Every structure is written in structure tokens, then in C-alpha cells.
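Close look at the chain arrangement
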Amino acid sequence: MMTYVRRFALVCALGALGVGTAACGGSDGSAGHPGRGVVSASASASAAPSRPPTLAPGPAGLTPVFKSAPHPRDRTVALTFDADMTADEGARAAAGEHFDNPALIATLRRLKVPATVFMTGRWAEEYPAEAKSIGSDPLFEVANHSYSHYAFTGQCYGLPTVPPAQMRTDVERAFTAFRKAGVKRTVPYFRFPGGCYDQEVLRKLTPAGVTAVQWDVVSGDAFATDSDAVAQQVLDGVRPGSVVVMHCTRSAAPATEAAVRAVVPKLRERGYRFVRVSELIGSTAGR
């Protein structure tokens, strides 16, 4: 049985604490400059661009960090879903635990909601057919959530850590797993497990050429069983240009699909348009 400490670690690692990103931001959650930088390209509203937009490196060449779109032209919001699976959870999957959520993906398709899926390489290896299906659908784009879902800083809520010398390799190994699974629509975005990062980590990942993507709305869906509470937390937090963090794991986020069914029509009633993260990043061009 999962210990309380392990459960708490996973809750934070999934970005589920409803106290904002500072709680899971590592020893220096302010590292980088969310939402700043020059955009290298603009995104298409209807399909992932052939050259997805990225932010220019931050000060001293640090990996740029995107949190939300500042002053968007219209009411746009990006729903993002972390497909989490750590490198050591194969035995649990073999025993029947479900780290995927096909019903959630089906609901997004039925409701025609574009989304960005932050996938671990280990998840793509466990569910290659699903990874390929998501990564072949113009509605979605697949971003990198590391290979192992191990933390990139110390003191990240009890998660195992990636050695500094292997951080870039861990990110690249995830992209390799996507290619092997047949994922086509990948974007050069990276989400830190647990949301934990600091300036040194941003420096080490600069050669990987990724834009780090955080969030400004925590859904609280990890381990939640009350879909209404999850939906209300999202509805209370969304602002134009928001990035919402949710999850694509049945065992760790069982209420997410029902919450999405509640959130989507209400946000559309408020005039919101759902977009992928690439469009939010692209929308900041020229600002």
C-alpha cells in the first residue's frame, strides 16, 4: 500500500495541490521568467505548426519558462494533461493499475477540445498505441514530461531525482520513446515533474532547446474523487491566457474526465476558446 509520504509526493508531483505553482516550484520556483521572451514563430489555431513556437532563451541563456499568455487578444485557455508514469512503475501496470485514461481522450475528441498532453517516455512505452493515436490527432500536441518522471531538483516532495549529468539525456530519451511509439505531433516543450526547477536546472537544459511550460491554474484533480470540486477549482482560476494543469491517469486522477465534461461547456458559455499551448506561446509574438 502506498505510504502517506509517497502519496503526498505524488500529489505534488502531479501538480495537484491547490496552492499554486510556488508550492511545487522547487528551491527557486521564481527561476526563469514565465511568459517573457521573444517568440520565434506563431502558431496556427487549427493545427499544430510545422515549426512550433518557442520562447527565446532567458538571461544568461537559461531555458525559457512559460506560465501563461500575458494580455491575450481574446479569451483563450489551454487545457494540459500530464500522462504520468515513472520509470519504476512497470510492475504496477502489469498488475492492472491504469496509468492511461482513454475515456478522457474520447471526451476531448467528442467535445472538440484541443489540448496539449505532457507525456513521460515511460508512459509512451507502456501505451504505445494510445501515444500514437494521441500524437496523430490534429486536435492534440504531445510535449515532454521527462522519461522517468523523476525530479530535476532535490527536495521535490520525495520524488527520486535525476542526476545532473543525466538531465538532458532524460529529456531526449522521452522524445526518442515518442518517435518509437509513432507519435508525430510533438512540440519542443518540457514540463518539470512536480513543477520543481531552479536556475541551475534551466542552465543544464539549455542545450535541449526546449521551452519549459508551467501553469497558472491548478485543477486539483490528482487523487480527487469529487469531479464537481475539481471543475469548480478550474472555473474559479481560469483567466484569459491561462494554462490549466490536469492529468491523464485513471488511477491517480479518476475524476478528471467528469470534471472536463463540466468545465468545457461552462467556459464556452463565458466566451472562452480552447487552444493548445503552442497557440498561447505563438499569440505573444510581437508583444
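Report follows, based on the coordinates. (Residues numbered from 1 in each chain as written. Predicted model: local features only at pLDDT ≥ 70, side-chain atom pairs only at ≥ 80, totals over all residues. Heavy atoms only, no water.)

**Here's the deal with the nonpolar core**
Among the nonpolar cores identified, the biggest contains 60 residues, and F81, L108, M119, W123, F152 and F192 are the most heavily contacted of them. Ranked by residue count, the leading element in this core is helix 6 (residues 167-181), at six residues. One finds A78, V243, V245 and L280 within the second-largest nonpolar core, a separate group that totals 17 residues. (Core = buried A, V, L, I, M, F, W, Y, C linked by side-chain atoms within 4.5 Å. Buried < 20%, exposed > 50% of the residue type's maximum accessible area, 1.4 Å probe, protein only. Helix = DSSP H or I, 4+ residues; strand = E, 2+ residues; numbered from the N terminus.)

**Some points on the packing of aromatic side chains**
Taken as a whole and assessed by the stated rule, the structure comprises six aromatic pairs. Consider the rings of F175 and F178, whose centres lie 6.0 Å apart with planes at 90°: the pair is edge-to-face. One end of the pair is F175 and the other is F178, both in helix 6 and three residues apart, which spans about a single turn. Accessibility classification places F175 together with F178 in one group, the buried group. Through a chain of ring-to-ring contacts, three or more aromatic side chains come together here, namely F152, F190, F192 and Y197. Here the basic side chain of R173 rests over the ring of Y147, its NZ or CZ set 3.7 Å away from the ring centre. Over the face of the ring belonging to F118 we find R191, whose NZ or CZ atom lies 4.0 Å from the ring centre. (Phe/Tyr/Trp six-rings, centres within 6.5 Å; stacked < 30°, edge-to-face > 60°. Lys NZ or Arg CZ within 6 Å of the ring centre and 35° of its normal.)

**Comments concerning the side chain of E257**
One can find E257 in helix 9 (residues 256-269). Within the structure, E257 has its side chain in polar contact with the side chain of T107 (distance 2.6 Å). Excluding residues within four positions of it along the chain, E257 makes contact with A103, L104 and T107. (Polar contact = N/O pair within 3.5 Å; in protein donor to acceptor, adjacent residues only side chain to side chain. Contact = heavy atoms within 4.5 Å.)

**Considering the pattern of salt bridges**
Overall, the coordinates contain twelve salt bridges when judged by the stated rule. Note that D137 and R109 form a salt bridge whose closest N and O atoms lie 2.7 Å from each other. Here D137, found in the loop between helix 5 (128-136) and strand 4 (140-144), pairs with R109, found in helix 3 (residues 102-110); they are 28 residues apart in sequence, far enough to count as distant. Residue classification places D137 among the buried positions, given a relative accessible area of 15%. Its salt-bridge partner being K204, residue E200 comes within 3.6 Å of it at the nearest N-O pair. Residue E200 and its partner K204 are both found in helix 7 (residues 199-204); the two are separated by four residues, about one turn of the helix. Relative accessible area serves as the criterion here: at 39%, E200 is assigned to the partly exposed category. Residue classification places K204 among the partly exposed positions, given a relative accessible area of 32%. Each of D74, R273 and E279 takes part in a single network of salt bridges with overlapping partners. (Salt bridge = Lys/Arg side-chain N within 4 Å of Asp/Glu carboxyl O.)

**Quick word on the state of the cysteines**
Applying the stated criterion across every chain yields a total of one disulfide. Bridging C156 to C196, the disulfide has an S-S length of 2.1 Å. When the S-S torsion is 80°, as for the bridge of C156 with C196, the disulfide is right-handed. Of the two residues, C156 sits in the loop between strand 4 and helix 6 while C196 sits in the loop between strand 5 (186-190) and helix 7, which places them 40 residues apart along the sequence. With respect to burial, C156 and C196 carry one shared label: buried. (Disulfide = S-S within 2.5 Å.)

**Examining the packing of helix 8 (residues 227-237) against helix 9**
Running from N to C, helix 8 and helix 9 point in directions that differ by 35°, and their axes come no closer than 8 Å. Judged by the twist between their axes, the crossing of helix 8 over helix 9 is right-handed. Mapping the contact onto sequence places S227, V230, A231, V234 and L235 in helix 8 and A258, A259, A262, V263, K266 and L267 in helix 9. (Axes fitted to C-alpha atoms, helices over the stretch in contact; angles between N-to-C directions. Left-handed = near helix turned anticlockwise from the far one by under 90°.)

**What about the pairing of strand 5?**
Relative to strand 5, strand 4 runs parallel, the two sharing two bridges. Along strand 5, the bridge assignment pairs N144 with F190. A crossover links strand 4 with its parallel partner strand 5, the connecting element being helix 6, and its sense is right-handed. Note that the unit made of strand 5, helix 7 and strand 6 (residues 211-213) has a crossover that is right-handed. (Pairing = 2+ DSSP bridges. Right-handed = clockwise from strand over helix to strand, strands pointing away.)

**A short note on helix 5**
Helical periodicity: at 3.6 residues per turn, an α-helix aligns residues three or four positions apart in one direction. Along helix 5, the positions that sit buried rather than exposed are A131, I134 and G135. Buried residues of helix 5 fall within an arc of 95° about the axis and therefore sit on the same side. Check the buried side of helix 5 and you find it contacts helix 3, strand 3 (115-119), helix 4 (121-126), strand 4 and helix 6. (Arc of directions from axis to C-beta.)

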